[in-house]
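Structural characterization, general
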Amino acid sequence: MSYLRSWFSLDTSSSATKVEPNGSYPNQSLPVPEFNEEDEDDGSDTAGEDDAPPAFPAINSAQRAAASPSSSSDPSRRLSIPKILTDSALMPPPPVPSLATRQPGVPPPQSSSSLLAPMTTTQPPKRLSRRDKVALAPGFGPLDWGNLKASGQNLRGVDALMRIPPSMLKLHNKKEDAWTAINGKVYNITPYLPYHPGGAKELMRVAGRDGTKLFSLTHAWVNADFMLDACLVGFLVSEPSS
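The written sequence of each chain sets the order in which its residues are numbered from 1. Local features are withheld for residues below a pLDDT of 70 in this predicted model, meaning they are given only at 70 or higher, and side-chain atom pairs are given and counted only at 80 or more; totals for whole chains, interfaces and linings count all residues. Heavy atoms from the whole structure form the basis of all side-chain values; hydrogens and water molecules are not counted.

1. Considering the environment of Asp-159
Put simply, DSSP H or I for four residues or longer makes a helix, DSSP E for two residues or longer makes a strand, and each gets a number counted from the N terminus. Considering the arrangement of structural elements, one finds Asp-159 in the loop between α3 (142-150) and β1 (162-164). Only protein chains enter the area calculation, which uses a 1.4 Å probe; residues under 20% of their type maximum are buried, those over 50% are exposed, and those in between are partly exposed. The exposure class assigned to Asp-159 is exposed, which follows from its relative accessible area of 84%. Residues Asp-159 and Val-233, 74 residues apart in the sequence, show an inter-C-alpha distance of 8.9 Å.

This is the structure we're talking about:
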């Protein structure tokens, strides 16, 4: 560092450096600093410092305080580190149900799992009876029945709507003259007998009486008002009081 100090220690205040008109300096010798290899920085300024890496964790860290609680005289300054639960301290998994031995509709024996859905019944599911359909004659399909309704023919068999009591309804129980009541409305089902998918014999079960219950049990999804609107005869009323 001594050669740098020689540059800053030059005395330039006594005489200013003159420059010739041609741009050259006058014949004036400047002192040249000397460079010695002994003056090179060899780290002697820091020779007394400790080059060992810092301690980890730090001496005043929470980890060291928790590792040696007796090292601190003040209990309020000690920090508690949360512990990691072991596998034995964790909640055990639910038991695996024995699916191979289960039966439909029957709960598994000695089942203590709370993840199973509550059973609504202990009986096996019942088989639903299949409703048989009959082969209709050519020209008596659903589209043919729609064309017949749109043709303008009088399918009611009456001139005006009537108030029909049960005693009057039970008189129309023949195949050539069949009436039935569905949801409080009386229909003349005589022209619809050959178009019924279940056959005329099945439809005659409600001829001359209220067929609302049997209709709901057999095919509740069918819209009777739309299917038999052209066959409406009247409305079912109570018997007149004598």
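Still to come is the rest of the account.
2. Considerations on the layout of surface pockets
Approximately 400 Å³ is the volume attributed to the largest pocket. Buriedness of a pocket was judged along seven lines, with at least five required to meet protein on both sides within 12 Å; pockets are open sets of points on a 1 Å grid over the protein atoms alone, cavities are sets where a 1.4 Å probe fits but cannot get out, and lining residues have an atom within 4 Å of a point. Together, 22 residues line the largest pocket, and Tyr-192, His-196, Leu-203, Phe-215 and His-219 are the ones closest to its centre. In terms of residue count, the dominant contributor to the lining of the largest pocket is helix α6 (residues 212-219) (4 residues). Ten residue types, Ala, Val, Leu, Ile, Met, Phe, Trp, Tyr, Cys and Pro, are classed as nonpolar, four, Asp, Glu, Lys and Arg, as charged, and the remainder, Gly among them, as polar. Considering only residue class, the lining of the largest pocket consists of 13 nonpolar, 5 polar and 4 charged. Grid points are joined across faces, edges and corners, and a volume is the space filled by probe spheres set on the points.

3. Side note on the pairing of strand β5 (residues 232-236)
When β1 meets β5, the two strands line up parallel, connected through 3 bridges. Opposite Ile-164, over in β5, you have Leu-236 as the bridge partner. When strand β4 (residues 185-188) meets β5, the two strands line up antiparallel, connected through 3 bridges. Opposite Tyr-187, over in β5, you have Leu-232 as the bridge partner. In short, DSSP must find at least two bridges between two strands for them to pair.

4. Points about the pairing of β4
Bridging between strand β3 (residues 177-182) and β4 involves 4 bridges; their strand directions are antiparallel. What sits directly across from Trp-179, in β4, is Asn-188.

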